[in-house]
Amino acid sequence: MTRRVHLIVSGRVQSVGFRMFIDRAARELQLSGWVKNLAGGNVEVNAQGAAPMIDELIKRAETGPSKSQVTGVRIKELEPDSSLSGFSVIF
C-alpha cells in the first residue's frame, strides 16, 4: 500500500545535517518526495512510498542525526501523488 505524508519537524533541526540525513534515509527506504528547511527553523518533509518504509522514515525523523535535537514531528496524511519520483533536497 502506498502512503504519502507531510511532516513538519521542529527542534534543533537546521545546520545539523538534518536534510541530508532525511535524504539518505528516504533513498535507502526507496521513497519519493523532498525535504527542505523552513524560514522559522523547522524542516518540512513530503514523502511517499510503501507504508512500512514511511513508518520507518517517521521513526528516523523523530530521532534525527546525532547533532540534532528533535522536539516534535507533526504528521499529515496526504493522497498519493503518481507524479512524485525520486527524492530531493530543496535548497
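Residues numbered from 1 in each chain as written. Predicted model: local features only at pLDDT ≥ 70, side-chain atom pairs only at ≥ 80, totals over all residues. Heavy atoms only, no water.

## A look at helix α1 (residues 18–28)
For an α-helix the count is 3.6 residues per turn, leaving residues at separations of three or four pointing the same way. Residues Phe18, Arg19, Phe21, Ile22, Asp23, Ala25 and Ala26 constitute the buried set of α1. With its phi angle positive at about 60°, Gln30 sits one or two positions after the end of α1. (Buried < 20%, exposed > 50% of the residue type's maximum accessible area, 1.4 Å probe, protein only. Helix = DSSP H or I, 4+ residues; strand = E, 2+ residues; numbered from the N terminus.)

## Quick notes on unusual backbone geometry
In this structure, Ser15 is a non-glycine residue whose phi angle is positive, near 65°. Along the chain, Ser15 turns up in the loop between β1 (2–12) and α1. A positive phi angle, close to 60°, is found at Gln30, a residue other than glycine. Mapped onto the elements of the fold, Gln30 is located in the loop between α1 and β2 (32–37).

## Considerations on the pattern of salt bridges
The final tally for this structure, using the stated rule, is seven salt bridges. Between Lys36 and Glu44 there is a salt bridge; the shortest N-O distance is 3.8 Å. Relative accessible area serves as the criterion here: at 13%, Glu44 is assigned to the buried category. With a closest N to O distance of 2.9 Å, Glu56 and Arg60 form a salt bridge. In this pair, Glu56 and Arg60 both sit in helix α2 (residues 51–63), four residues apart, roughly one turn of the helix. Take Glu56: its relative accessible area is 25%, and that puts it in the partly exposed class. Each of Glu28, Glu56, Lys59 and Arg60 takes part in salt bridges that share partners, so that together they form one network. (Salt bridge = Lys/Arg side-chain N within 4 Å of Asp/Glu carboxyl O.)

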